[in-house]
Amino acid sequence: MKTTVSEFQFVDSFRACGRESQFTVPARRALFEYLEEYENSIAEELTLDPIGICCGWAEYPSALKAANDYGFKGNELDTEEAALDWLHEQTQVVEFEGGVVIQLF
């Protein structure tokens, strides 16, 4: 038996398990949309696991910050776009207004 989870329930599930500071609300909403699209693309239902999401994903204020933390060998002329392209080659990236969420690698 499965239960359909709304965006509100998904966002609130992080608070319910004490992980509300792990991601901002906009990041949680973006993750919800991403995971719904992923679920549709694989034609399989996912299980809501906020702690698992917290262990496998991280929020960053910018793609450049995330890329630099993961070994992006850029220079001072590199842009957010270059960092975002690099991240997309390395892992799953969820963009939202205010930053990015990346699947840890």
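All figures in this text were calculated on a predicted structure; none of them were measured in a lab.

Comments concerning the overall build of the protein
Point 1. Within the protein one finds 5 helices and 3 strands.
Point 2. In the protein, the succession of helices and strands from N to C terminus is α-α-α-β-α-α-β-β.
Point 3. Burial status across the protein gives 33% buried among its 105 residues.
Point 4. For the protein, the proportion of contacts with a sequence separation of at least 24, taken over those separated by at least 6, is 55%.

Some remarks on the nonpolar core
Point 1. If you look at the biggest cluster of nonpolar residues, it comprises 15 residues, and the most contacted ones within it are Phe10, Phe23, Leu31, Ile53, Trp57, Val94 and Val101.
Point 2. Each residue touching valine 94, except ones within four places of it in the same chain, is listed here: Ala30, Leu31, Tyr34, Trp57, Gly99, Val100 and Val101.
Point 3. Listed in part, the 13 residues of the second largest apolar core include Ala58, Ala63, Trp86 and Val93.

What about the environment of valine 5?
Point 1. Within the fold, valine 5 resides in the segment before α1 (7-16).
Point 2. Residues valine 5 and glycine 99 lie 94 residues apart in sequence; the distance between their C-alpha atoms is 24 Å.
Point 3. Discounting residues that sit within four places of it in the chain, valine 5 has contacts with Phe10, Phe32 and Leu48.

Brief notes about the pairing of strand β2 (residues 93-96)
Point 1. One ladder, built from 4 bridges, connects β2 with strand β3 (residues 99-103); its direction is antiparallel. Note on β3: the bridge partner recorded for valine 94 is valine 101.
Point 2. In this antiparallel pair of consecutive strands, β2 and β3, the connection spans 2 residues, and glycine 98 shows a positive phi of 115°.

Details of the pattern of salt bridges
Point 1. Applying the stated criterion across every chain yields a total of 3 salt bridges.
Point 2. Residue glutamate 7 pairs with arginine 29 through a salt bridge whose shortest N-O separation is 3.6 Å. Residue glutamate 7 is found in helix α1, and its partner arginine 29 is found in helix α2 (residues 25-42); the two are separated by 22 residues along the sequence.
Point 3. Residue classification places glutamate 7 among the partly exposed positions, given a relative accessible area of 29%.
Point 4. On the basis of relative accessibility, which here comes to 41%, the residue arginine 29 falls in the partly exposed class.
Point 5. For aspartate 69, the salt bridge is made with lysine 65, and the minimal N-O distance between the two is 3.1 Å. Residue aspartate 69 and its partner lysine 65 are both found in helix α4 (residues 63-69); the two are separated by 4 residues, about one turn of the helix.

Definitions and cut-offs
- Residues numbered from 1 in each chain as written.
- Predicted model: local features only at pLDDT ≥ 70, side-chain atom pairs only at ≥ 80, totals over all residues.
- Heavy atoms only, no water.
- Helix = DSSP H or I, 4+ residues; strand = E, 2+ residues; numbered from the N terminus.
- Buried < 20%, exposed > 50% of the residue type's maximum accessible area, 1.4 Å probe, protein only.
- Contact = heavy atoms within 4.5 Å.
- Core = buried A, V, L, I, M, F, W, Y, C linked by side-chain atoms within 4.5 Å.
- Pairing = 2+ DSSP bridges.
- Salt bridge = Lys/Arg side-chain N within 4 Å of Asp/Glu carboxyl O.

Worth remembering: the numbers are spatial, not functional.
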